[in-house]
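Structural overview
Letter by letter, the chains look like this.
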Amino acid sequence: MIVGVHRSACAVGAKGFRALGRTVLAGILATLCAAAWAGPSPDKLLIEKCGACHQEGKALQRITTMRKSPEGWDMTIVRMGIWHKVEVSKSERKTLVKYLADRQGLAPEESAPYRFLLERRPNAQDVAPSEDLAQMCGRCHSFGRVALQRRDVAEWRKLVHTHVGQFPSVEYSNMGRDRNWFDLALGDVAPKLAKLYPQRTAAWSKWQQARHVAPSGTWRVAGSRPGWGGYSGYMVVRALGADRYDVKYDLQYDAGNHVVGQGDAIVYTGYEWRGSAKLGNQEVRSVFALGGDGKRMSGRWFLRDADEIGASFEAVRSDAVPADTVVAVSPALLKAGTTTVVRVSGVKLGTQFDFGPDVAVQKVERVSPDEVQLSVAVAAGAAPGWRQIGRGAGAQVALYRQIDAIRVEPEFAHARLGGGTTAPVSAQFEAIAFCNGADGKEIRLGPVHATWGVDNFDARAKADDDVKFAGAMEPHGQFLPAFAGPNPARNNLNNVGDLAVQATVADGDRTVAGSGRLVVSVQRWNTPPLR
Ligand code: HEC
Ligand code: HEC
C-alpha cells in the first residue's frame, strides 16, 4: 500500500514513469497516489479506528495522556487488536505509530538509559532504580519496558488495574504473593513512577520545540559485529519525504569481506531511526538514534530473523564534521616490539597522526581521500594503554606487551532451543583481551580471535551429558542450540543444558584462556520488540 507516501514522492514517481514513456504504469501510480491521499489523514484515522472506545467529547481518553517509544506504541496497537479485536491493517498501524510517536514520544535523554532494550542487545543486564521497583514491575518483563513510558499518576494507576484485570496471577505468583501487590502498586509504586517518569517534562517540551535535522546525506560509519569483527564504510541517505528515507550501505570488514546493501528507514520523534535493509544476502533491521544536531548516529543493527546477531554502529555525517575526523583504526591493538600495517578510516584524512612516545610511523600510503594506510612500529618498551592518535572517537589504538587475561563476553549467556515454527536463539561470544597497565590496573584491549569450546558446566550437567545434546559451538564463537525435545535418546529429557564456554587465544608463543557460562533453555514463544 502507498498510504503514507509523501505527495511529492508520488508526483516525482509518476513523472519518472512518464519520462520513460510507460504511460500505463504512470497512470496506475497516479491513481494509487490519489487513492492514498483520498484516505483519511492520520488524525482522522486515529478517530476512525480508536474513537469508538476511546473518544469522550473531543478527547481520546487513555491515548493522549501518555508518551511512549515507537515500539511502545506499536505494541499497544497490536494489543488493541489481540485483546479488543481492533482491526488495523499493516499500513494503518505504521501510520498511527508514526503519528503517535511524533506527538507523544520520548526526548532523546529520556530514552538514553534504555537504548539497549530498543536495540535488542542480547544478554543485556536490565536496570531498575530500586530493588522494590524491580520486584514489583521488572520480574515478568524488563523494567525498561516501564521506564520507556511517561504518564501521570492516574495513568500509571490505570495500568496497574489493567495488569490485575488481565493477569490475576500477578498477585499470587512469586514476589506477588508475599505482599499486598495491588495496594502497593496503587499506593506506593504508581506515585514513584509518576515522579520518575512523568507525563510532562522539561526535556520533552524542549525537544518538541527543537529543530530536528533530517539525516539526508553521506555518513561515514564504523562498528563491530561480534563473531565477524570490525567494519567501516559509508551509508548514503536520501529523503523520500514525510521522514522516510532510502538508504544505501557499503561496508568493508577488517577481515576482508566487502558487503553492500540497500533499504529504507523512518525517523520517529525527530531522532528515532528505524530501518530495514538487505545487507549482502541478509535481511537486517537498524535501531539508531540521531544525535549531536544531526551530525552523529549510533545504535545497533541486527538480523531480522535472529536479533541476537548484530553489530554496533557509529556514524558521523561527512559534510558536518571537520576534515581529519577518524571513525576507525584497524587493527587497533598494537603489540610492543612489532610493526603493523594499520588502516585509518575517516573523513578527508590528512597523513599526520600522533601515536605518542615509542611509536614510529614508518610509511604512509593514501588509499582514498577518506582512508590512509600506515606502517606503525611500536618499540618493545612502549607503555601499554590506549592512545588518541587524532580527531574523533574512532581515533584510538591500544598498545600492549602481552595479553595478560582473556574474558569471555557475555560472561553469562542464554540461548534457546528451536522447534516447530520457533527459531532457535543462538549465543554469540567474544574473547576480550586485557593487559596489565603500568599502575597494575587492568586495561581492556578488545575482542581478539579465539579457538572456542564447550563442556558440561558442573556434575549435574555431566550426569545428563548436556554438552552432547544442547547444541554446537561454531568456530567464530556462536553457539547454535539444538532442537527442542523430549529426546528419547536422553530419557525423554529436553535438550536443555548448562555449559562452560572456553576461549583459547594465542599471543605469540603463549596461550591465554578465558571462560564463560551458557544456559540453553526452552524455546522463546513470545518475541515482542520490547521484552
Ligand atoms: C474495542 C474497543 C477499543 C478500541 C477500538 C481501541 N481500544 Fe485502546 N483500549 C481499550 C480498552 C478496553 C483499554 C483498557 C485496557 C487495556 O489497556 O487494554 C484500552 C487501552 C488503551 C491504551 C492505554 C494502554 C496503556 O498503555 O495503559 C492505549 C494507549 C490505547 N488503548 C490505544 C488505542 C489505539 C491507538 C486504538 C486505535 C488503533 C485503540 N486503542 C482502539 C479498548 C479499545
Ligand atoms: C505478572 C507479570 C507482570 C508484572 C508483575 C508486571 N507486568 Fe507489566 N505486563 C505484563 C504483560 C504480560 C504485559 C504485556 C501485555 C501485552 O502487550 O500483551 C505487560 C505490559 C506492560 C506494559 C506495556 C503496556 C502498553 O500497552 O504499553 C507496561 C508499560 C507495563 N507492563 C508496566 C508494568 C508496571 C508499571 C508494573 C508494576 C506495577 C508491571 N508492568 C508489572 C506482565 C507483568
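Details of the structure are given in the entry above.
Summary of the structure given here. (Residues numbered from 1 in each chain as written. Chains lettered and ligands numbered in written order. Predicted model: local features only at pLDDT ≥ 70, side-chain atom pairs only at ≥ 80, totals over all residues. Heavy atoms only, no water.)

1. Remarks on the overall build of the protein
If you tally the helices and strands in the protein, you get 14 helices and 29 strands. Relative to its length of 531 residues, the protein is compact, with a C-alpha radius of gyration of 26 Å against a globular reference of 24 Å. Along the first, second and third principal axes, the C-alpha set of the protein runs to 80 × 70 × 50 Å. Residue burial in the protein is summarised as follows: out of 531 residues, 45% are buried. Taking all contacts inside the protein whose residues are at least 6 apart in sequence as the whole, residues at least 24 apart take part in 57%. About 26100 Å² of surface is accessible on the protein, with carbon and sulfur atoms providing 54% of the total. For the protein, the separation between the mean place of its 66 positive charges and that of its 54 negative charges on side chains is 6 Å. (Helix = DSSP H or I, 4+ residues; strand = E, 2+ residues; numbered from the N terminus. Rg over C-alpha atoms; globule rule 2.2 N^0.38 Å. Buried < 20%, exposed > 50% of the residue type's maximum accessible area, 1.4 Å probe, protein only. Contact = heavy atoms within 4.5 Å. Areas by Shrake-Rupley, 256 points an atom, 1.4 Å probe, with all protein chains shown as cover. Lys, Arg positive; Asp, Glu negative; His and termini not counted. Charge placed at Lys NZ, Arg CZ, Asp CG, Glu CD.)

2. Structural notes on the sheet that holds strand S21 (residues 412–416)
Strand order in the open sheet made by the 4 strands is S21-S29-S28-S25, with mixed pairing throughout. Only two strands of the sheet have a single neighbouring strand rather than two, namely S21 and strand S25 (451–456). Taken pair by pair, the neighbouring strands of this sheet meet at an average axis angle of 30 degrees, ignoring direction. Relative to strand S29 (residues 510–521), strand S28 (residues 497–507) runs antiparallel, the two sharing 11 bridges. Paired with leucine 499 across the bridge in S29 is leucine 518. (Pairing = 2+ DSSP bridges. Axes fitted to C-alpha atoms, helices over the stretch in contact; angles between N-to-C directions.)

3. Quick notes on the sheet that holds strand S18 (residues 385–388)
The 3 strands are arranged S14-S19-S18 in an open sheet whose pairing can be described as mixed. At either margin of the open sheet sits one strand with a lone partner, and together these are strand S14 (333–335) and S18. The sheet shows a mean angle of 30 degrees between the axes of neighbouring strands, taken without regard to direction. Here S14 runs beside strand S19 (residues 396–400); their pairing, made up of 3 bridges, is parallel. When the sheet's bridge partners are listed, lysine 335 is paired in S19 with tyrosine 400.

4. Details of the packing of helix H3 (residues 42–54) against helix H5 (residues 90–103)
In contact at an axis separation of 10 Å, H3 and H5 are set at 110 degrees when each is read in the N-to-C sense. Accordingly, the angle class assigned to the pair H3 and H5 is roughly perpendicular. Regarding H3 and H5, the two cross each other, and that crossing is left-handed. Contacts between H3 and H5 involve Pro42, Asp43, Leu45, Leu46 and Lys49 from the first element and Glu92, Thr95, Leu96, Tyr99 and Leu100 from the second. Of the residues that constitute the contact of H3 with H5, the class distribution is 6 nonpolar, 1 polar and 3 charged. (Parallel < 35°, antiparallel > 145°, perpendicular 65-115°, else oblique. Left-handed = near helix turned anticlockwise from the far one by under 90°. Nonpolar A, V, L, I, M, F, W, Y, C, P; charged D, E, K, R; others polar.)

5. Topic: the site of ligand 2
Of all residues adjacent to ligand 2, which total 17 residues, the nearest are Arg79, Cys137, Cys140, His141 and His163. In this structure, an oxygen atom belonging to ligand 2 sits 2.5 Å away from a side-chain N or O atom of arginine 79. A distance of 2.7 Å separates a nitrogen atom of ligand 2 from a polar atom in the side chain of histidine 163. Elements with a contribution of two residues or more to the shell around ligand 2: helix H4 (70–84), helix H8 (131–137), helix H9 (144–147), helix H10 (153–166) and helix H11 (181–196). Here the shell around ligand 2 spans two domains, and each of domain 1 (7–104) and domain 2 (109–208) adds at least three residues to it. (Near = heavy atom within 4 Å. Polar contact = N/O pair within 3.5 Å; in protein donor to acceptor, adjacent residues only side chain to side chain. Domains from an automatic or database assignment.)

6. Section: the packing of aromatic side chains
By the definition in use, this model includes 10 aromatic pairs. On the basis of an interplanar angle of 55 degrees and a centroid distance of 6.1 Å, the ring pair of tyrosine 231 and tryptophan 301 is categorised as tilted. Taken together, the residues tyrosine 231 in strand S6 (residues 229–241) and tryptophan 301 in strand S11 (residues 296–303) connect sequence positions 70 residues apart. Assigned by exposure class, tyrosine 231 and tryptophan 301 land together as buried. Look at phenylalanine 288 and phenylalanine 313: their rings are 3.9 Å apart centre to centre, the planes differ by 5 degrees, and that puts the pair in the stacked class. (Phe/Tyr/Trp six-rings, centres within 6.5 Å; stacked < 30°, edge-to-face > 60°.)

7. Some thoughts on the site of ligand 1
Around ligand 1, 20 residues are found, and the nearest of them are Cys50, Cys53, His54, Arg79 and Met80. Between ligand 1 and histidine 54, the relevant distance is 2.8 Å, taken from a nitrogen atom to a side-chain nitrogen or oxygen of the residue. A distance of 2.8 Å is found between an oxygen atom of ligand 1 and a side-chain nitrogen or oxygen belonging to lysine 68. Here the shell around ligand 1 takes 7 residues from H4, the largest share from any one element.

Without other data, these values stay purely geometric and don't point to any function.
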